[in-house]
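Residues per chain are reported as follows:
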Amino acid sequence: MFSVILYGRNDSHGYNLHKRAAISFNAIAEVMSDPDDEILFVDYNTPDDHPTFPEAIHDTLTDKAKRVLRVFRVRPEQHVHLKSKTHLVALEAQSRNVALRRSNPRNRWVLYTNTDMLLVPRREDESLSSIFRDLSDGFYQIPRFELPEMLWEAAFDRKDPAGNLTKLRDWAVRFHLNQVVHNFMPMKYDALGDFQAALREDMFAIHGFDEDMLLGWHCDSNLAARLALYRGRVDTLIDKVFGYHCDHTRVAAANNKGRQTKMNDQDRFIWDVSSPYLPAQADTWGWPDLEIEEIRLNRDTSYERFTTGLAAAMEPATEPYRSTNLDWHLYLDLSYDVRHTLPFVCDQVLTYPRSTAVMLVATRPELVSRFATAWRAMGFTGPILIPSECEGLPTSDPAIRTGAFSELVGMADLFIFEFGLATQNPEEVVRTGRPEGPSDTRNLKMVARLFASAASTELETRPNGRRLPRRFIGINVIYNKFWPLFTDHIAANINPFCSQVLAGVPRQDKSLKGKVLRFRGRNGF
Amino acid sequence: MSDAGIMRRFSETVRKFRLGRRVKDFLQDSEQADFHRLYLRARVLARSGAFEAAVPLYQRALDLEPTFDEAMEGLGEALDVLGQTERAREKYVAARRIRAEMRLGAPDRHFVLRQRGHFTAEVLAYDAVVRSLKKNVLPYIARGNAYLASGQPKNALANYNHALKLRQDLPAVAALKGEALSMLGRYSEAVHSFDAALRAQPDDAEALSGRAIARLGLGMVEEANTDWQRQFELLKGRASARACIALRMADYATALPELESAHEKEPNDPYWHLYRFTARHRLGLPADPAGLPSMDGWPGSLLSLLAGRITPDEVLKRANTDGRRAEAMFQMGVLAFDRDRRSAETHWKEVVERSSPSLIEHAAASNELARLSSSRIVNART
């Protein structure tokens, strides 16, 4: 019957976002009763190595919310062409249009709202679906009622949406919450963007939200102006639904800088709108030709992929724990436990697109074969690129593709460099003062050379069309002799030794030291 | 109770009494008044918080005009605030039903002409906006649209002209101005205005439709068809709009598949039944008149005519507007065509002479007549 369209990213937009959003997702799902109903969340520009926002809070969502939720992930690389035109990290018009383009065509209605709204049918026996089913064509809005932070934060149980709606019905009366704030036409009400219901067909006819609105604010008013022109009026659903907004003003959100807030031009986008149509974006709104990943929280989840990958790649441990050691004198010992490290490596790559091509420059055959197994089992379809300069590594896995480093480097979306000892036996006790053999030294030299080269030439070797720097993952680069090398080139955080993994993008060091490093890297010194 | 409390209660009682008397006087004065005035007064009262006083005025407006959707909605709002939630819901539902039952404009026409309702509230709302924002075009355009949609092209034109005075580079408004001029019968000026719109946006399907109608109003059938042909090409995937365009050109072979799609999507729209029959009949295909649905009101009478359930005279008696009369005459021409071309021609001529060029039947009749005339010329030559 209807598609709810929301957007956001995995960041901290305003106060206690996670609780607000969970309450809202669950409450919206609770008032859905048609099998075609869906909540479309566009996760816009969350960094590639993070999960999407709904994935990050999935444990606080009800089964019903997980079932109806479809997450569309817009990658930073897909946003980067707009980066120079806006100070914002998440764009409303683009997000909402991406969802609209991919919404269920069987649904007659789309409802635009936000992840901090609770929609309460005035009659307890009605759902939003039944309300929309009986509703005649039009463009509908409702007033927004504010809910003090104390109430939703202290009294709501995230996983009890029905209980929350009951509480709201009671509070509305007890605490005089329901105040309608009328506004100029075409807005009709204040804070109109929290409930704008339009026919899907109408939204396609007027070419979606205006994607020139890149500075934030007033996207809802622009839509109201255009739909008011198109439909002739702004109808109300106040007799059917009340909408409550989880107030979050304790901490200003990123797009709220008081009077210094940058905004879209009100004259251009509201008061001088002359047509509902946007012919300039008629064929491009919502990026119809772009492949946008869709994620579901009720099947094939990241957790399922992760565990499937690891289960395929290794058997469970047979002892309660194993040890390693940080003693100073072991600084040169490069032995490490592949099976312990693999989950941390998989964790680094799991959130990347499944079509990602990863370059794996390694020393230990065990790591390569286990990683390749996990990679396929996690559902990745892209290749693992292994430079032929690396000796003694297995190449029979169907995911592995070999070739000269110079050929492969321009194809990689992601890099993994491993600094271990090829001669290490999988069952060896680690960090006991094990020396390198001559073949280890030779292999490590090669890995170090390729690493320095890849990091120094990252910009020049990027695949065609790619604009953002590629991420480098270092295995066994904490508290050993390759720690300085890795962190000289890569802007990595400080991570616990136990994970054995660091990651980041190449440093943009403009100092003499940085220039020397890059010169050395490029020239293989 | 303190003195201040007693005084406050007393003044509130006096205020309510005076308000009630003024409403009563107003209602008595307005016995013959138009429902718009009653609505306006009710709305002002409601906005000032006097919902109780607004209720009888809304009710009176509805007595005078039962299809006044905005008064119905206003009544709903007033009852809701007064705590009569169930009654309020009924009024809101009734307001939506009134709108839903109003016939939409043809789907190939400008979006403003496809809207339905009274739009008094919109005019009022944008009056208020215009008082604050004198230099922006949206309030003028929206107010103009409200006038145009409610059949007041003169007021609409004034608003569009004002918008164009503020900003000349508005092709969408030039097209709307063309529609207002066309509705006023000023076809030549309308064509000029549509030309301006189309110079800026040559693929504006709605402007092409408007110009085609204005051209038809000037008797330029061929030029009108050129615009419709282009509009037809632009509206890919919109079966109902394309069906109407093809019907205007009396191109029944093109219209039929689009009509089938439109009928499939909106099986309850009686006009798709009607036009499918028209197209099939004119194409010489089996039209199954017995299968036409039987329904009361308009266009049920037309369907009954095609099904042979009532006579042409009976249909004409039921056609209580110029538009309906034109629809009836057109269908009578369709039925007559195979056996008596002269009779068909007479019916279609009447359609062209007596109806607005914006009607589908007017355009179709014009094209039928043009075709008949050219076939006569060909016959005469051979």
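The residue count restarts for each chain, going from 1 along the sequence in the order it is written. Each chain is given a letter, starting from A, and each ligand a number, starting from 1, according to the order in which they appear as written. It should be noted that, the model being predicted, local features are given only for residues of pLDDT at least 70 and side-chain atom pairs only at 80 or more, the latter also being counted only at that level, while totals for whole chains, interfaces and linings use all residues.

1. What to know about the overall build of chain A
Along chain A, the regular secondary structure elements total 19 helices and 18 strands. Overall, the C-alpha framework of chain A stretches about 80 × 50 × 40 Å when taken along its three principal axes. Our exposure labels follow a C-beta count within 10 Å of each residue's own C-beta, placed from the backbone: buried means 20 or more other C-beta atoms, exposed means 12 or fewer, and partly exposed covers the counts in between. For chain A, the proportion of its 525 residues judged to be buried stands at 47%. A pair of residues counts as a contact when their C-beta atoms, built from backbone coordinates, are separated by no more than 7 Å. By sequence separation, contacts in chain A at least 24 residues apart represent 85% of the contacts at least 6 residues apart. Labels follow the DSSP assignment, with helices taken as runs of H or I lasting at least four residues and strands as runs of E lasting at least two, numbered in each case from the N terminus.

2. Things to note about the overall build of chain B
Secondary structure summary: chain B contains 20 helices and zero strands in total. With respect to the three principal axes, the spread of C-alpha positions in chain B is 105 × 50 × 35 Å. Looking at the 382 residues of chain B, the share that counts as buried comes to 48%.

3. Some words on the domain arrangement of chain A
Residues and elements named next belong to chain A. Start and end points for every domain follow an automatic or database-based domain assignment. Taken as a whole, chain A is organised into domain 1 (2–294) and domain 2 (300–523). Each of domain 1 and domain 2 has a C-alpha centre, and the two are 41 Å apart. Facing the ten residues of domain 1 at the interface are ten residues of domain 2. Of the residues belonging to the side of domain 1 that touches domain 2, the class tally is three nonpolar, one polar and six charged. Residue classes follow a fixed rule: Ala, Val, Leu, Ile, Met, Phe, Trp, Tyr, Cys and Pro count as nonpolar, while Asp, Glu, Lys and Arg count as charged, and any other residue, Gly among them, counts as polar.

4. Section: the sheet that holds strand E14 (residues 400–403) of chain A
All names here are of chain A. With respect to topology, seven strands assemble into an open sheet ordered E14-E13-E12-E15-E16-E18-E17, the strand pairing being mixed. Lying at the two open borders of the sheet, with one neighbouring strand each, are E14 and strand E17 (490–492). Strand-to-strand twist in this sheet, taken as the mean axis angle between neighbours without regard to direction, amounts to 30°. Here, strands pair whenever DSSP counts at least two bridges between them. Where strand E13 (residues 384–387) lies against E14, four bridges are found, and the strand directions are parallel. Paired with Pro387 across the strands is Gly403, a residue of E14. The axes used here are C-alpha line fits, helices contributing only the stretch in contact, and every angle between their N-to-C directions lies in the interval 0 to 180 degrees. Lying on the sheet, helix H13 (residues 338–349) is in contact with strand E12 (358–361), strand E15 (414–418), strand E16 (471–475) and strand E18 (501–506); it crosses E18 at an angle near 30°.

5. What about the domain arrangement of chain B?
Residues and elements named next belong to chain B. The domains assigned to chain B are domain 1 (3–101), domain 2 (105–236) and domain 3 (238–382). Contacts between the two partners involve twelve residues from domain 2 and, on the opposite side, 16 residues from domain 3. Partitioning the side of domain 2 that touches domain 3 into residue classes produces eight nonpolar, three polar and one charged.

6. So, the interface of chain A and chain B
With 21 residues of chain A at the contact, the number on the chain B side is 30 residues. Of all the secondary-structure elements, those providing two or more residues to the side of chain A that touches chain B are helix H10 (219–231) and helix H11 (266–271) of chain A. For the side of chain A that touches chain B, the element with the most residues is H10 of chain A, which contributes five residues. Considered class by class, the residues forming the side of chain A that touches chain B number twelve nonpolar, four polar and five charged.

7. Focus: the sheet that holds strand E7 (residues 144–147) of chain A
What links the strands of a sheet is backbone hydrogen bonding, and the strands pair in either a parallel or an antiparallel sense. All names here are of chain A. Spatially, the three strands line up as an open sheet ordered E5-E10-E7, and their pairing is mixed. The sheet is open, and its two borders are formed by strand E5 (117–121) and E7, each paired with just one other strand. Here the strands of the sheet are splayed against their neighbours by 30° on average, with no regard to which way each runs. Packed onto the sheet, helix H1 (residues 17–30) meets E5 and strand E10 (241–246) and runs at close to 30° relative to E5. Relative to the sheet, helix H8 (residues 161–174) contacts E5 and E10, its axis offset from that of E5 by approximately 80°.

8. Some details on helix H11 (residues 205–217) of chain B
Residues and elements named next belong to chain B. The end-to-end C-alpha distance of H11 is 19 Å, a good match for the 18 Å that 13 residues give at a rise of 1.5 Å each. Burial analysis of H11 places 13 of its 13 residues in the buried class, which makes it a mostly covered element. Positive phi shows up at Gly219, right after H11, with a value of about 85°. In this scheme, a helix's expected span is set at 1.5 Å multiplied by one less than its residue total.

9. A look at helix H18 (residues 322–337) of chain B
Its 16 residues give H18 of chain B an end-to-end C-alpha distance of 22 Å, which sits within 8% of 22 Å, the value for a rise of 1.5 Å per residue. As for H18 of chain B, its buried residues are in contact with helix H15 (270–282), helix H16 (300–306), helix H17 (312–318), helix H19 (341–354) and helix H20 (360–381) of chain B.

10. A few points about unusual backbone geometry
Of note, the amide linkage connecting Met185 of chain A to Pro186 of chain A takes the cis form, showing an omega dihedral of 10°. Along the chain, Pro186 of chain A falls in the loop between H8 and strand E8 (196–199). Look at the link from Trp298 of chain B to Pro299 of chain B: it is a cis peptide, with omega at 5°. Residue placement: Pro299 of chain B occurs in the loop between H15 and H16. Notably, Arg431 of chain A is not glycine yet its phi reads approximately 55°, a positive angle.

11. A closer look at the pairing of E15 of chain A
All names here are of chain A. The buried fraction of E15 is high, at five of five residues. Of the two faces of E15, the one carrying Leu414, Ile416 and Glu418 and the one carrying Phe415 and Phe417 are both buried. Where E12 and E15 come together, four bridges link them in parallel fashion. Within the sheet, the bridge partner assigned to Leu360 lies in E15 and is Ile416. One ladder, built from five bridges, connects E15 with E16; its direction is parallel.

12. Details of the pairing of E10 of chain A
All names here are of chain A. Along E10, six of the six residues are buried, which leaves the element largely enclosed by surrounding structure. The side-chain alternation of E10 yields two buried faces, one formed by Val241, Gly243 and His245 and the other by Phe242, Tyr244 and Cys246. In this sheet, E10 lies alongside E5 in antiparallel orientation, the contact comprising five bridges. By the bridge assignment, Leu118 is partnered in E10 with Tyr244.

13. What to know about the packing of H11 of chain B against helix H12 (residues 221–234) of chain B
Residues and elements named next belong to chain B. The interhelical angle for the contact between H11 and H12, taken along N-to-C directions, is 165°, at an axis separation of 8 Å. By the criterion of interaxial angle, the relationship of H11 to H12 is roughly antiparallel. Relative to H12, the crossing made by H11 is left-handed. Here H11 contributes Ala205, Leu208, Ser209, Arg211, Ala212, Arg215 and Leu216 to the contact with H12, which in turn contributes Val221, Glu223, Ala224, Asp227, Trp228, Arg230, Gln231 and Leu234. Here the contact of H11 with H12 is composed, by residue class, of eight nonpolar, two polar and five charged. Angles below 35 degrees are treated as roughly parallel, those above 145 as roughly antiparallel, those between 65 and 115 as roughly perpendicular, and all remaining angles as oblique. Throughout, a crossing is termed right-handed when the near helix is turned clockwise from the far one, and left-handed when it is turned anticlockwise from it by less than a right angle.

14. A few points about the confidence of the model for chain B
Residues at a pLDDT of 70 or more form 95% of chain B, whose mean pLDDT is 91. Across the whole predicted complex the pTM is 0.91, and at the interface the ipTM reaches 0.89. The quantity known as pLDDT measures the predictor's confidence residue by residue, on a range of 0 to 100.

15. What about the packing of H10 of chain A against helix H7 (residues 138–149) of chain B?
Closest axis-to-axis distance for the H10 of chain A/H7 of chain B pair is 9 Å, and the angle between their directions is 25°. Of the possible angle classes, the one that applies to H10 of chain A and H7 of chain B is roughly parallel. Where H10 of chain A crosses over H7 of chain B, the two elements pack in a sense that is left-handed. Mapping the contact onto sequence places Ala225, Ala228 and Leu229 of chain A in H10 of chain A and Leu138, Ile141, Ala142 and Asn145 of chain B in H7 of chain B.

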